[in-house]
Amino acid sequence: MSLPSNVPRYDSVDLIDFDHLEARFVVSATPPVAAAAWTKLAETERRLDHFDWALHVVREPRRLERFIRDLATAFLMSFEATLQILTTERLHGGLDRWIEGRAEYDVVCRGLRTLRNLEAHVQPVELTASSLTDSSRFVAGIESGRRTFWLFPTLTPTDLDRLMPHGRKLRAEECDAWNATVASHSARDLMTRGLRSLVSIVLDSP
């Protein structure tokens, strides 16, 4: 299908049939009691796949930057929405009290939630391209090629202060741990880690 001549395009890419792409994380045939949260969780995984596909086809760090950013923030929105639906559906508003002591609710999980709150209430979340190279689930056979290693932003206590207290999921003393993590792991890696934690949280909800 050709595009109108006045519409900019990025080369010629294959679009995956996402309606039939097999899930890797949200795979239970029968959803748990938290059915609405499970549905939103499945959306979160799809948005990770969208981001991963974009990495696979857009390999130049200065191309489609807004598109890459929008896919990342869409993931963050679904990530947080899953928890908000879970607290309404199962936890009756007591999410923070229940989730705080869980091992899965680590710096990565809290950092992703903090980024979402910054994006929603304070400022856009800007990703940056590193000189490292990333991978993708869509690599096949012996195929090679550079995939841009996108990084989530670092955070400072001042950034946290710009949020309302309930939006600061990271503590000020955890900023160094978050910053070290985002410097050595791609945004795709952190999305994947966060999604794995989110699956456990939903499955274990009372």
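Look a little higher up for the structure.
The structure presented is a predicted model; accordingly, all values stated were derived computationally and were not measured.

Chemist: Got a minute to help me understand the overall build of the chain in this structure?
Modeler: Looking only at helices and strands, the chain features seven helices and two strands. Helices (α) and strands (β) of the chain occur, in sequence order from the N terminus, as α-α-α-α-β-β-α-α-α. In terms of principal-axis extent, the alpha carbons of the chain reach across some 50 × 45 × 35 Å. Across the 206 residues in the chain, those meeting the buried criterion constitute 44%. In the chain, 26 side chains carry a positive charge and 29 a negative one; their mean positions are 2 Å apart.

Chemist: Would you take a moment to explain the environment of M77 for this structure?
Modeler: Residue position: M77 is located in helix α2 (residues 65-91). When the C-alpha atoms of M77 and W178 are compared, they prove to be 19 Å apart, with 101 residues separating the residues in sequence. Residues within four places of M77 in sequence aside, it is in contact with R47 and R116.

Chemist: Any chance you could explain the packing of aromatic side chains here in plain terms?
Modeler: Two descriptors summarise a pair of aromatic rings, namely the distance from one centre to the other and the angle between the planes of the rings. This model, assessed by the stated rule, comprises two aromatic pairs. When the ring of F18 is compared with that of W53, the centres are 6.3 Å apart and the planes differ by 90°; the resulting orientation is edge-to-face. In this pair, F18 sits in the segment before α1 (35-57) while W53 sits in helix α1, placing the two residues 35 residues apart along the sequence. For the pair F75 and F79, a centre-to-centre distance of 5.9 Å together with 40° between the ring planes defines the contact as tilted. With a gap of four residues between them, F75 and F79 both fall in helix α2, about one helical turn apart. Considered together, F75 and F79 belong to a single accessibility category, that of buried residues. The cationic tip of R110 hangs over the ring face of Y105; the distance from NZ or CZ to the ring centre is 5.7 Å.

Chemist: Could you clarify how one ought to interpret the side chain of D49 in this entry?
Modeler: Within the secondary structure, D49 is located in helix α1. Classification of D49 by relative accessible area gives buried; the value is 5%. Residues within four places of D49 in sequence aside, it is in contact with F18, L21, R24, R137 and F138.

Chemist: Teacher, can you tell me more about the environment of A180 here?
Modeler: Assignment of secondary structure puts A180 in helix α6 (residues 175-184). It is 45 Å that separates the C-alpha atoms of A180 and S5, two residues lying 175 residues apart in sequence.

Chemist: Got a minute to help me understand α6 in this structure?
Modeler: For an α-helix, the turn length of 3.6 residues means that residues three or four places apart are oriented alike. All of the buried residues in α6 are C175, W178, N179, T181 and V182. Along α6, the residues classed as buried sweep out an arc of 160° about the axis, all on the same side. Residues D176 and A183 are exposed on α6 and point more than 90 degrees away from its buried face.

Basis of the calculations
- Residues numbered from 1 in each chain as written.
- Predicted model: local features only at pLDDT ≥ 70, side-chain atom pairs only at ≥ 80, totals over all residues.
- Heavy atoms only, no water.
- Helix = DSSP H or I, 4+ residues; strand = E, 2+ residues; numbered from the N terminus.
- Buried < 20%, exposed > 50% of the residue type's maximum accessible area, 1.4 Å probe, protein only.
- Lys, Arg positive; Asp, Glu negative; His and termini not counted.
- Charge placed at Lys NZ, Arg CZ, Asp CG, Glu CD.
- Contact = heavy atoms within 4.5 Å.
- Phe/Tyr/Trp six-rings, centres within 6.5 Å; stacked < 30°, edge-to-face > 60°.
- Lys NZ or Arg CZ within 6 Å of the ring centre and 35° of its normal.
- Arc of directions from axis to C-beta.

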